[in-house]
Structures are given as structure tokens and as C-alpha cells.
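Now for the letters of each chain:
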Amino acid sequence: MTNLAHWLQPCLRQVQVLKQTNRLSHALLITGADGVGQEELAREIVKDLMCEVDQAAACGHCHSCQLMQADTHPDFRVLDGQASTIKVDQIRLLVRQISQKPQVGQNKVVLMTHAQAMNINAANAVLKALEEPAARTYFILTSSQSTSLLPTIRSRCLLVNVPTPSLPDVKQWLMQQPDGQALSSLFWLTTQPFRLLSIQQQGKVSLYAELPNQLTTMLQGSVPVSEVLKGLESNNIEDYCNGFAAILHQCICHSAGAPLDEALQDIYSALMARLGIQTLMLRYQSLQKLKSDLKKTNLNPIMQLTHELNQW
Ligand SMILES: [Zn+2]
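As the structure is a computational prediction, the values presented were derived from the model and not from experiment.

S.K.: What am I meant to see in helix α9 (residues 205-219) here?
M.R.: Residues lying three or four places apart along an α-helix face the same way, a consequence of the helix completing one turn every 3.6 residues. A rise of 1.5 Å per residue sets the reference length of α9, with its 15 residues, at 21 Å; its end C-alpha atoms lie 22 Å apart and thus fit the reference within 8%. For α9, the principal kink sits at L211 and spans about 35 degrees; a proline, P212, occurs within the next four residues. All of the buried residues along α9 are V205, L207, Y208, L211, P212, Q214, L215, T216, M218 and L219. For α9, the secondary structure elements touched by its buried residues are α8 (193-201), α10 (225-228), α11 (237-255), α12 (265-274) and α14 (301-309). Phi turns positive, to about 85 degrees, at G221, one or two residues after α9.

The structure is reproduced here in C-alpha cells:
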């Protein structure tokens, strides 16, 4: 077994058994909450499917396995919907490419991550490809919002649901990652393990880790808003919005009885004293709107976030 996170392993075994007994559907939809490891599971399944040796798990040595390790396998295609909408032209190009015979091994695989980012024309093109599957071609879709996919696409896929790991499982897993222990200081933001890892890989741990302290001193009147936002730039404003929104969300949940991370205790007391729960909820909605408007508004986003914090 690979060093795949242990909550992903039963899902992988389920697919391996189907593959080994020739019962695997040519389309898989891997679902689960954001950051629990759908993409990591999908990549393992792809490796198994591309391997030329007739066994459940990838051998790691054959020509196909080596090409997969080098990320240069010609029969494997990826479309990632995280950054932008997946468009119909991309799907058509992909379908043309995979209509050829496999160049190396026996199978061809298309991986579509964040598949909810397909627009309707792209989704219809995918549906057509699933309805008329090319021989030995697999489609693997991942999505944290699978209900927003076309029902006709969902019904053609084998659903693989990744469970959300428990907090002790996440802690234990983080301990095994390089510098993973430091990430537990961000549990107020998220406990989704792969989201934490992605924040680390982007070098943004300290940006997030400092937010609660900076906000506390601001609410206590020790520093101005500009000091809290001194690291703010147009390319990280979404991170600031995510951080502040998570803090408000935790405080709102705490007012309804949920436990509160220690890092947010002082912020909670200050916000409740200054704003009260009703205004706090309005500020949360306003912040969410600011975040969703970031890509479509011409207003200066830094000014908008400064204006927002001035009302806390
Ligand atoms: Zn192999």
C-alpha cells in the first residue's frame, strides 16, 4: 500500500477490487468536502489504471509507471477547474486526443479536478463522451460540490465518497508531514488536511497564523486597521477575506454553543461587546459578498477590506 492518508485507503481498495475483477466503471466521480483528499485519491487511482501489469495496484516499475512518475505519460490528460471555468473547447480537444489508441500502455485516463467548474456546454460535451465511451478510456472527476453537476453525468459515474477525517486523525497525519505540526495553529481556519498542506506549500502559514493576534490588538485599540492589513496585496486579498470570514464564522457558531479555538477567545469577547451577534452576522455576510465580488468589481479591493474592518 502506498503512503496515502489512511482515510483514503478504503476508497482506493474499493476501486482496486473492481479494477481487478473487471467491474470498474469507465467513469468515476470522487466526492467529499474540500481538502479531504479527493485529488490525492484520484491520482492514485490514475496510477493503478495506467500501469501495464495486470494487478490491482500500480507496480511502480513498468514503462507506464515511470512515465507517470515523470508526469509525461501521453495517455493521461488533466483538466483542473480550480482556477477557471472548464470550457467546451477544452473538452472537445481532450475527446479528440483520447479517441486515438493508447500510445504506451492499455488504458487512457482523463482526470477532471474541481469538475463543478464546467460550464453547461462543457458538461454536455462530457456527458456525450460518457454516453459513447471510447474503448479502455476512463474519466475520473473530482468535486466537492457534486450536486451542482448535471444529474445525467452523476448517474453515469461510479460514486466514490471520501469521508471527512476526525480531528485526531488529522492531527496524527499532520505529525507525519514535514513541518506539519505548525499547521495545527491554523485549526481555527480549517481542519481539512489537504487545505492546510496547500496553505503551507503556498508559503502562507504565517500570513494566516498572525491574523488572530493582529485582529485582537486592533480590537483592543492598540493598533490601527492599516497595521492589520499591512501585508495586504491584490494577490493575497482572498486569503485575508478567507481568514476574517473564518474568524467571524467561528465566533457566530460559538454564540450558538459550539466550542471556540483558544486563538479566537479574545476576539470573540471584543466583537460581542462591540457589535453583538446580529451585527456580527451582517459583517460576516458583507465579508462574503466582498469576497465573491473580488473578481468582478472595479472598486479597489484593498480600500473595500479596509472599509469593512473599520466597522468592526
Ligand atoms: Zn506499472
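S.K.: Where do I start with the environment of R274 in this structure?
M.R.: Checked against the element boundaries, R274 lands in helix α12. Taking the C-alpha atoms as reference points, R274 and L174, separated by 100 residues in sequence, lie 37 Å from one another. For R274, the side chain forms a polar contact with the main-chain oxygen of L219, separated by 2.7 Å. Of note is the side chain of R274, whose polar atom sits 3.0 Å from the backbone oxygen of W312.

S.K.: Before we go on, may I ask you to explain the packing of α12 against helix α13 (residues 276-293) in this structure?
M.R.: How two helices pack is summed up by the angle between their axes together with the distance between the axes. Here α12 crosses α13 at 105 degrees, and the two axes come no closer than 7 Å. Relative to α13, the element α12 lies roughly perpendicular. The residues of α13 that touch α12, namely those facing L271, M272 and R274, are G276, I277 and L280. Here the residues of the contact of α12 with α13 are counted per class, giving four nonpolar, one polar and one charged.

S.K.: Help me understand the coordination of the zinc ion in this model?
M.R.: Metal coordination angles have textbook ideals: 109.5 degrees for a tetrahedral set of four donors and 90 or 180 degrees for an octahedral set of six. Every protein donor of the zinc ion is accounted for by C51 (SG), C59 (SG), C62 (SG) and C65 (SG), and the metal-donor separations fall at 2.3 Å. Because the angles between the four donor atoms bound to the zinc ion fall within 103 to 116 degrees, the donor set is best described as tetrahedral. In the primary sequence, the donor residues of the zinc ion line up as C-x7-C-x2-C-x2-C. One end of the pair, C51, is in the loop between α2 (38-50) and α3 (63-69); the other, C65, is in helix α3, with 14 residues separating them in the sequence.

S.K.: Would you mind showing me how to read unusual backbone geometry here?
M.R.: Glycine aside, residues mostly have negative phi angles, and peptide bonds mostly take the trans form. Phi is positive for N22, which is not a glycine, with a value near 55 degrees. Here N22 lies in the loop between α1 (9-20) and β1 (27-31). Among the residues examined, N22 registers a relative accessible area of 73% and is labelled exposed. Residues other than glycine seldom take positive phi values, yet H114 does so here, at roughly 50 degrees. Looking at the element boundaries, H114 is found in the loop between β3 (108-113) and α5 (120-131).

S.K.: Can you help me understand the packing of aromatic side chains in this one?
M.R.: Ring pairs (aromatic) are described by centroid distance and by the angle formed between their planes. Here the structure, examined in full by the defined rule, presents five aromatic pairs. Ring centres 4.8 Å apart and planes at 55 degrees place the aromatic pair W173 and F194 in the tilted group. With W173 in helix α7 (residues 167-175) and F194 in helix α8, the pair connects residues that are 21 residues apart, well separated along the chain. The exposure class of W173 is buried, given its relative accessible area of 7%. Residue class for F194 comes out buried when judged on its relative accessible area of 13%. Taking the centre distance of 5.7 Å and the plane angle of 80 degrees together, the rings of F244 and W312 count as edge-to-face. Note that F244 is positioned in helix α11 and W312 in the segment after α14, a separation of 68 residues in sequence.

S.K.: It is not clear to me how the nonpolar core should be interpreted in this structure. Could you clarify?
M.R.: The tendency in soluble globular proteins is for nonpolar side chains to be buried side by side. With 74 residues, the main nonpolar core has L41, I140, F244, L305 and W312 as its most contacted residues. In terms of residue count, the dominant contributor to this core is α11 (ten residues). In terms of domain composition, this core takes at least three residues from each of domain 1 (6-161) and domain 2 (203-311). V88, M118, A122 and L149 belong to the second largest nonpolar core, which has 25 residues in total.

About the thresholds
- Residues numbered from 1 in each chain as written.
- Predicted model: local features only at pLDDT ≥ 70, side-chain atom pairs only at ≥ 80, totals over all residues.
- Heavy atoms only, no water.
- Helix = DSSP H or I, 4+ residues; strand = E, 2+ residues; numbered from the N terminus.
- Expected span 1.5 Å × (residues − 1).
- Bend = angle between axes of the 7 residues up to and from the residue.
- Buried < 20%, exposed > 50% of the residue type's maximum accessible area, 1.4 Å probe, protein only.
- Contact = heavy atoms within 4.5 Å.
- Polar contact = N/O pair within 3.5 Å; in protein donor to acceptor, adjacent residues only side chain to side chain.
- Axes fitted to C-alpha atoms, helices over the stretch in contact; angles between N-to-C directions.
- Parallel < 35°, antiparallel > 145°, perpendicular 65-115°, else oblique.
- Nonpolar A, V, L, I, M, F, W, Y, C, P; charged D, E, K, R; others polar.
- Donors = N, O, S within 2.8 Å, 3.2 Å for Na, K, Ca; no water.
- Tetrahedral: all angles 85-135°; square planar, octahedral: opposite > 155°, others 65-115°.
- Phe/Tyr/Trp six-rings, centres within 6.5 Å; stacked < 30°, edge-to-face > 60°.
- Core = buried A, V, L, I, M, F, W, Y, C linked by side-chain atoms within 4.5 Å.
- Domains from an automatic or database assignment.

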